[in-house]
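Take a look at the letters that make up each chain.
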Amino acid sequence: MTIHFYIRYHTTFGQRLFVSGNTEQLGNDDLSRAFAMSYHGEFWYGSIETDDITDIVEINYRYILREDGLEVIDGEEERVIVLSEKIEELSLIDTWNFAGNPENSFFTKPFRQVLLPKPSRSVNRRKPIVTTHELRVKASLLKADETICITGSGKTLNNWDSTKPLLLTKKDSWFTIPLNLSKDHLPVYYKYGVYNTKEKKFVEFEFGKNRFIDKDGENKKLIITHDGFVQLSRPYWKGAGIAIPVFSLRSNNSFGVGEFNDIRLLVDWAKLAALHLIQILPVNDTTSTNSWQDSYPYSAISAFALHPIYINLESVAGEKHKALVTPLKKKQKNLNKLPEVDYEQVMKFKLSILRELFEAQRESFVNDKDYFEFFDLNRDWLVPYAAFCYLRDKYKTADFSRWKIHSVFNDDAIQRFVSPTQKHYDEILFQYFMQYHLHLQLRAASEYAHKNGVILKGDIPIGISRNSVDAWKAPQFYHMDQQAGAPPDDFAVKGQNWGFPTYNWKKMREDGYSWWRQRFEQMSNYFDAFRIDHILGFFRIWSIPLNAIEGILGKFDPAISVHISEFNSRGIWFEHDRYCKPFITDYILEAELGDQVDFVKENFLDTIDEQGRYQFKPGFNTQRKIEEHIAEMADDGSYIRQGLFNLLSNVILIEEKGSQDQQYHFRIAMDQTSSFKDLDAQTQQQLQYLYVNYFFSRQEDLWKKEALQKLPGLKHSTNMLICGEDLGMVPACVPEVMQKLAILSLEIQRMPKDPTVEFFHPKNAPYLSVVTPSTHDMSTIRGWWEEDRAKTQRFYNSIMGHSGEAPFFCEPWVNREIVIQHLYSPAMWSIFQMQDLLGMSNSLKRENPNEERINQPADPKHYWRYRIHLTLETLIKEKTFNEEVRSIITSSGRGNNYSSHIRI
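A. Broad picture of the overall build of the protein chain. Along the protein chain, the regular secondary structure elements total 27 helices and 38 strands. Computed over its C-alpha atoms, the radius of gyration of the protein chain comes to 31 Å, within 12% of the 29 Å expected for a compact globule of 904 residues. With the C-alpha coordinates aligned to their principal axes, the bounding extent of the protein chain is approximately 100 × 80 × 75 Å. Buried positions account for 58% of the 904 residues belonging to the protein chain. Looking at the protein chain alone, contacts between residues at least 24 apart form 72% of all its contacts between residues at least 6 apart. A total accessible area of about 39300 Å² is found for the protein chain, and carbon and sulfur atoms account for 49% of it. With 107 positive and 119 negative side-chain charges, the protein chain shows a separation of 6 Å between the mean positions of the two kinds.

See the structure below:
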């Protein structure tokens, strides 16, 4: 068989197109071995010969655009051709599918399986005896009784008679129709349209120019045309959702913390309120210290294991072992009454009962065929996780470098270590037992959500704990001598240090990003969409030395450094120690440490010269050394600690490691340091020029290339809807890359990405985005309203459009108006924290809005324990409030099934 590939694509100089597919001629899906095409007129063209098609049932292929070492992968993932011995020559005429086309979003998992109605099943036409052409086209936004039809010039297509259109048949993602055009005069012109099968009536034509067929097909020759999308003048789908951590849920049956089973109640309420999405924070196991510090959901000890805190004991017990749970009813009631989560108490009692349940069910568990299926599918991460947990508890630390045995992971050794013949096997099996039941409960919650028209959106943290199974099992994937974080912003003026090791992307790339692909696959078991926490980390990460505590001393990685010659070329007299070491003088000491100056000079500093400059003693020349020493001091420790930290970070440049005094990076916010302010005006001006170039110009191409090496392939590996948290110091290339890949951005009213405006208006959001008035990392609408009176007043007048003085408190009508403003945004999703919806009700809102905040990003030791003050059962019964929420959502055009189509 000869297979010809044609694709219409206008390229520029230096661009090349390739075909990749599942045959040897197309590289067996190895993009590096893709088949090169050549340009012929309006088409890029290539052909291959397949001598024996008996070994190949079907061909699955896609196109690749290459330029300057970068690859852009065609967004069409479902071109599948079933081969037949009856066909000797096959021509494939294709349309490039721009991955950033919003239409592609409607073919992701949440839309195909839950949110959009299934199209009407058209009556199958009799297939022509001879098929010369087959047309395929996609259409997503159809009503329940609609299908795609075609009419056009010539007898076969009924000469443009819209009363007698030909109906296409839905197969997978394509509407298809076989045609015999051998007796029609070419070219044949045609259009697709919409047909209502219930009313048996033509509805509308697609817009745009007529399509045409100008290539002959004949016996044993077939032309298949992939026509892209039907061009319909229909508004895009828009929905509304709720965001709340699972631990924050409260129900009558939970055990002092929200549980996976509580998601079902949340679904019941969401359905009443016309909400179609539930967004939660990460739910992976974070058990590292067995203390409240493990409440931080972004520091998982496993990127795959679920956290035991979310398990429902009664579901595990069942009727047969209910008596083991009943005695804890009083304790359960007391924990449930607490205004916040008592993490340590909840974990203590849950684990104790889980052990009893495990012992009671052990024999039936090990013979459960469903468990064995779960184990086989998950053994790659489950076995190392169970071993890790056992060793963590045995040695009282998750720091595997301190374990006496197995501190270095060896797969063969671990397989022997978890063998059923080992004395500690029951401890290993106990971990399997918990993970299996967590899996059952979260999967059941997800299936329940789907049955009620609600999707679940998960959260993928950008990092993993350095004391984790993942770092233990594959340390080559991480830079263990670095810490990930974020540069300073309004929420954390000293930057953020998350403590996670940074990724060794080079090693991950060599492995085909298998760990990320496995991670996405695991999430798809439960979630329909997910948020990539700090998606900027795929472009570059804020990398902090291991000896630093604050994020202020980090630098972007990768980054193009500044060569020493660049300073010289701008007339800057370069003095290494003056720019790269802390600049400390008597004046600066007085400003930072006040009456503690003499104590600090005596204990922490040495004099450098007679000009009154100082340097740190070797025992205190890093923040971590100071932290360890200050912890032993009784008085004034915190005040001195911050002062010393400020002195250490009073630098202008950070030398590139191993560059032999040749390469440098600018310290972030250099112009705010006293070191910079002490320089003459000319030097300041020239440094400022290089600083702006370093952070806002020279890195853009590098960061764009970094993202395009990772994100397209990862996106291709999952059919979940992907959203990115793109907040903070956002490179200019980020919106372009996210748009190209149809990754939804995050737009927040009080965090505009345009530096020229104070507030972002939801009406200006792109369609491929999520708009929200607040997130878990900031105060709620009501809390923010009281933080800065002057700012609130400007917001009230400029964004809300009201004259006069703003209310001192965020009254329910104000809260409601802000919510409505977001609902009328063009964005695909408007998502609200539960607190922000409850703020619309005088009777349901929490009295003190400052108690509603979930996280303080500036505090690395924050206790994550917020719970809503109402039970979900109570909320479901609040008929007036629920009807109000439903009304404002549906009135905005959101929350409507596409079968009851409302133009927005």
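Let's pick the thread back up.
B. Summary view of the confidence of the model for the protein chain. Of the residues in the protein chain, 97% have a pLDDT of 70 or more, and the chain-wide mean is 94. Throughout residues 899–904 the model reports pLDDT below 50, and contacts reaching past four residues in sequence, or to other chains, amount to 15 contacts.

C. Region of interest: helix α15 (residues 597–604). Along α15, the positions that sit buried rather than exposed are V597, V600 and F604. Taken down its axis, α15 places every buried residue within 75° of arc, on the same side. Seen from the open side of α15, the exposed residues pointing more than 90 degrees away from its buried face are D598 and E602. Where α15 is buried, its residues contact α14 (586–593), β31 (605–607), β32 (613–616), α16 (623–630) and α17 (637–648).

D. Spotlight on the sheet that holds strand β18 (residues 221–229). Read from one edge of the open sheet, 8 strands run β4-β5-β1-β9-β18-β10-β14-β13, paired in mixed fashion. Edge positions in the sheet fall to β4 (38–40) and β13 (169–171), since each of these pairs with one other strand and no more. Strand-to-strand twist across the sheet, computed as the mean angle between neighbouring axes with direction ignored, equals 25°. Relative to strand β9 (residues 89–95), strand β1 (residues 2–8) is paired through 7 bridges, and the arrangement is parallel. Counterpart to H4 in the pairing with β9 is S91.

E. A look at the pattern of salt bridges. By the definition in use, this model includes 44 salt bridges. In this structure, R79 engages D74 in a salt bridge whose closest nitrogen and oxygen atoms are separated by 2.5 Å. Linking D459 and R531 is a salt bridge whose minimum nitrogen-to-oxygen distance equals 2.7 Å. Taken together, the residues span a long stretch of sequence, with D459 in strand β21 (residues 455–460) and R531 in strand β26 (residues 529–532) at a distance of 72 residues. Members of the salt-bridge network, linked through shared partners, are E76, E78, R112 and K138.

F. Just the environment of K879, in detail. Residue position: K879 is located in helix α27 (residues 879–891). Between the C-alpha atom of K879 and that of L272, which follows or precedes it by 607 residues, the distance is 9.0 Å.

G. Representation of a nonpolar patch on the surface. Taken together, the side chains of W160, Y189, F205 and F212 present a nonpolar region at the surface, about 350 Å² in accessible area. Overall, the relative accessible area of 32% leaves W160 in the partly exposed class.

H. Examining the pairing of strand β38 (residues 829–833) more closely. Burial within β38 is extensive, with 5 of its 5 residues counted as buried. Side chains W829, I831 and Q833 project from β38 onto one buried face, and the interleaved S830 and F832 project onto a second face that is buried too. Relative to β38, strand β19 (residues 239–243) runs parallel, the two being bridged by 5 bridges. Note that in β38 the partner of A243 across the bridge is Q833. Here strand β37 (residues 769–772) runs beside β38; their pairing, made up of 2 bridges, is parallel.

I. Broad picture of helix α5 (residues 343–366). For α5, with 24 residues, the first-to-last C-alpha span of 30 Å runs short of the 34 Å given by 1.5 Å per residue. Along α5, the helix axis deviates most sharply at A360, where the bend reaches about 55°. Those residues of α5 that sit buried are Y343, V346, M347, F349, K350, I353, L354, L357, F358, Q361, F365 and V366. Considering only its buried residues, α5 is in contact with α3 (313–317), α4 (329–337), α6 (369–395) and α8 (425–451).

J. Molecular detail of the packing of helix α2 (residues 262–272) against α8. Two numbers describe how α2 lies on α8: the axes approach to 8 Å, and their chain directions differ by 10°. In terms of their interaxial angle, α2 and α8 are classed as roughly parallel. Where α2 crosses over α8, the two elements pack in a sense that is right-handed. Touching I263, R264, V267 and D268 of α2 are L442, A444, A445, Y448 and A449, all from α8. Of the residues in the contact of α2 with α8, the class split is 7 nonpolar, no polar and 2 charged.

K. Up close: the packing of α6 against α8. The interhelical angle for the contact between α6 and α8, taken along N-to-C directions, is 125°, at an axis separation of 9 Å. Relative to α8, α6 is oriented oblique. Here the hand of the crossing between α6 and α8 comes out right-handed. Residues D370, Y371, F374, F375, W381, L382, V383, Y385, A386, A387, C389 and Y390 of α6 lie in contact with α8, whose contacting residues are E427, I428, L429, Q431, Y432, Q435, Y436 and H439.

L. Expanded view of the packing of aromatic side chains. The final tally for this structure, using the stated rule, is 76 aromatic pairs. With a centroid separation of 4.7 Å and 75° between ring planes, the pair formed by W542 and F556 is classed as edge-to-face. In this pair, W542 is assigned in strand β27 (residues 541–545) and F556 in strand β28 (residues 555–557), connecting sequence segments 14 residues apart. On the basis of relative accessibility, which here comes to 1%, the residue W542 falls in the buried class. Under the relative-accessibility criterion, F556 is labelled buried at 2%. Here the aromatic cluster, defined as three or more aromatic residues joined through ring pairs, consists of W542, F556, F567, F574, Y579, Y664, F666, Y691, Y694, F695, F696 and W703. The ring of F18 carries the charged tip of R66 above its face, separated from the ring centre by 4.3 Å. Above the face of the Y395 ring, K394 is positioned so that its terminal group lies 5.6 Å from the ring centre.

M. Seen up close, unusual backbone geometry. Omega for the peptide link from L186 to P187 comes to 0°, which places this bond in the cis form. As for its placement among the helices and strands, P187 is situated in the loop between β14 (174–179) and β15 (188–196). Cis peptide bonds are those with omega within 30 degrees of zero, and the linkage from D557 to P558 qualifies with 5°. Structurally, P558 is set in the loop between β28 and β29 (562–563). With phi around 55°, Y513 is a residue other than glycine that occupies positive phi space. Within the element layout of this structure, Y513 appears in the loop between α10 (505–510) and α11 (514–523). You will see that H534, though not glycine, has its phi angle at about 55°, which is positive. For H534, the location among the structural elements is in the loop between β26 and β27.

Definitions and limits used
- Residues numbered from 1 in each chain as written.
- Predicted model: local features only at pLDDT ≥ 70, side-chain atom pairs only at ≥ 80, totals over all residues.
- Heavy atoms only, no water.
- Helix = DSSP H or I, 4+ residues; strand = E, 2+ residues; numbered from the N terminus.
- Rg over C-alpha atoms; globule rule 2.2 N^0.38 Å.
- Buried < 20%, exposed > 50% of the residue type's maximum accessible area, 1.4 Å probe, protein only.
- Contact = heavy atoms within 4.5 Å.
- Areas by Shrake-Rupley, 256 points an atom, 1.4 Å probe, with all protein chains shown as cover.
- Lys, Arg positive; Asp, Glu negative; His and termini not counted.
- Charge placed at Lys NZ, Arg CZ, Asp CG, Glu CD.
- pLDDT = per-residue confidence, 0-100.
- Arc of directions from axis to C-beta.
- Pairing = 2+ DSSP bridges.
- Axes fitted to C-alpha atoms, helices over the stretch in contact; angles between N-to-C directions.
- Salt bridge = Lys/Arg side-chain N within 4 Å of Asp/Glu carboxyl O.
- Patch = residues over 30% accessible without salt bridge, like charges linked within 9 Å, V, L, I, M, F, W, Y side chains within 5 Å.
- Expected span 1.5 Å × (residues − 1).
- Bend = angle between axes of the 7 residues up to and from the residue.
- Parallel < 35°, antiparallel > 145°, perpendicular 65-115°, else oblique.
- Left-handed = near helix turned anticlockwise from the far one by under 90°.
- Nonpolar A, V, L, I, M, F, W, Y, C, P; charged D, E, K, R; others polar.
- Phe/Tyr/Trp six-rings, centres within 6.5 Å; stacked < 30°, edge-to-face > 60°.
- Lys NZ or Arg CZ within 6 Å of the ring centre and 35° of its normal.

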